[in-house]
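# Observations on chain architecture
Here is how the chains run, residue by residue.
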Amino acid sequence: MLSMVIDSISSFMYSKLLVIMLIGTGVYFTIRTKFPQVRLFRSACKAVMEKPDDEDAVSSFQALMVSTASRVGTGNIVGVATAIHAGGPGALFWMWMAAFFGMATKYAEGLLAVKYRETDEKGEIAGGPMYYIKNGMGEKYKWLGGRSEER
């Protein structure tokens, strides 16, 4: 019984609805944040190519490459190759569109994480979804972002 419920929820969520919701959210954030993928492209490139003051420090470019390497694994590479083989150039176009609008979603997520981050008593900074849900959505939804001992 439980297996059937989970299967029906999974079938509903991982259908075209999920793709429409993800791309729709990206379109919404793109418009709402005034096209940061285009507007901030030059300053993003400038920030990535910046040299660190200390020779032993990790540069922004090195940090970007490590971050990208940790996110793009062989599964993603094989997935893209399979999609292009199965879907042709149209698949590549739609991957570009999803990536373009996904950038605005990631920008909005990072912006919220910085805006609603907290500093603890040790002076350490913590942020992310838990904090922007807890601190940004108001008292009614505060429980969604906190742990049980904080309620």
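All figures in this text were calculated on a predicted structure; none of them were measured in a lab.

## Observations concerning the overall build of the protein chain
Counting secondary structure elements, the protein chain contains eight helices and two strands. Counted from the first residue to the last, the protein chain has its helices and strands arranged as α-α-α-α-α-α-α-β-β-α. For the protein chain, the C-alpha radius of gyration of 20 Å lies well beyond 15 Å, the compact-globule estimate for 151 residues. For the C-alpha atoms alone, the extent of the protein chain along its principal axes is close to 50 × 45 × 30 Å. Within the protein chain, the fraction of its 151 residues that count as buried is 12%. Contacts spanning at least 24 positions in sequence make up 31% of the contacts within the protein chain whose residues lie at least 6 apart. Taken as a whole, the protein chain presents about 12200 Å² of accessible surface, with 66% of it coming from carbon and sulfur. The protein chain carries 17 positive and 14 negative side-chain charges, and their two centres are separated by 12 Å.

## A closer look at the packing of helix α2 (residues 16–32) against helix α7 (residues 89–115)
At a minimum axis separation of 8 Å, α2 and α7 run at an interaxial angle of 65 degrees. For the element pair α2 and α7, the recorded crossing hand is left-handed. Where α2 abuts α7, its residues I23, T25, G26, V27, F29 and T30 lie against A98, F101, A104, T105 and A108. Split into classes, the residues belonging to the contact of α2 with α7 amount to seven nonpolar, four polar and no charged.

## Topic: the packing of helix α6 (residues 74–87) against α7
Interaxial distance between α6 and α7 falls to 6 Å at its minimum, and their mutual angle equals 135 degrees. On the basis of the axis angle, α6 is oblique to α7. Across the interface between the two elements, V80, A83, I84 and G87 from α6 touch P89, G90, A91, L92 and M95 from α7. In terms of residue class, the contact of α6 with α7 is built from seven nonpolar, two polar and no charged.

## Some thoughts on the environment of G75
Tracing the chain through its elements places G75 in helix α6. The spatial distance from the C-alpha of G75 to the C-alpha of S43 is 31 Å, given a sequence separation of 32 residues.

## Re the side chain of K134
When you line up the elements, K134 lands in helix α8 (residues 129–136). Among the polar contacts made by the side chain of K134, one reaches the side chain of E118 at a distance of 3.3 Å.

## Focus: the pattern of salt bridges
Tallied over the entire structure, the rule returns two salt bridges. The salt bridge partner of K106 is E109, with a shortest N-O separation of 3.9 Å. Taken as a pair, K106 and E109 lie in helix α7 at a separation of three residues, close to a single helical turn. Where E118 meets K134, a salt bridge forms, and the shortest distance between an N and an O atom there is 3.3 Å. Within this pair, whereas E118 is found in strand β1 (residues 118–119), its partner K134 is found in helix α8, the two being separated by 16 residues in sequence. A relative accessible area of 28% places E118 in the partly exposed class.

## Thoughts on a nonpolar patch on the surface
On the surface, M1, L2, M4, V5, I6, I9, F12, M13, Y14 and M21 cluster together into a nonpolar patch covering about 1100 Å² of accessible area. Looking at which element gives the most residues to the nonpolar patch, the answer is helix α1 (residues 2–13), with seven residues. Along the polypeptide, M21 turns up in helix α2. Residue class for M21 comes out partly exposed when judged on its relative accessible area of 41%.

Calculation criteria
Residues numbered from 1 in each chain as written. Predicted model: local features only at pLDDT ≥ 70, side-chain atom pairs only at ≥ 80, totals over all residues. Heavy atoms only, no water. Helix = DSSP H or I, 4+ residues; strand = E, 2+ residues; numbered from the N terminus. Rg over C-alpha atoms; globule rule 2.2 N^0.38 Å. Buried < 20%, exposed > 50% of the residue type's maximum accessible area, 1.4 Å probe, protein only. Contact = heavy atoms within 4.5 Å. Areas by Shrake-Rupley, 256 points an atom, 1.4 Å probe, with all protein chains shown as cover. Lys, Arg positive; Asp, Glu negative; His and termini not counted. Charge placed at Lys NZ, Arg CZ, Asp CG, Glu CD. Axes fitted to C-alpha atoms, helices over the stretch in contact; angles between N-to-C directions. Left-handed = near helix turned anticlockwise from the far one by under 90°. Nonpolar A, V, L, I, M, F, W, Y, C, P; charged D, E, K, R; others polar. Parallel < 35°, antiparallel > 145°, perpendicular 65-115°, else oblique. Polar contact = N/O pair within 3.5 Å; in protein donor to acceptor, adjacent residues only side chain to side chain. Salt bridge = Lys/Arg side-chain N within 4 Å of Asp/Glu carboxyl O. Patch = residues over 30% accessible without salt bridge, like charges linked within 9 Å, V, L, I, M, F, W, Y side chains within 5 Å.

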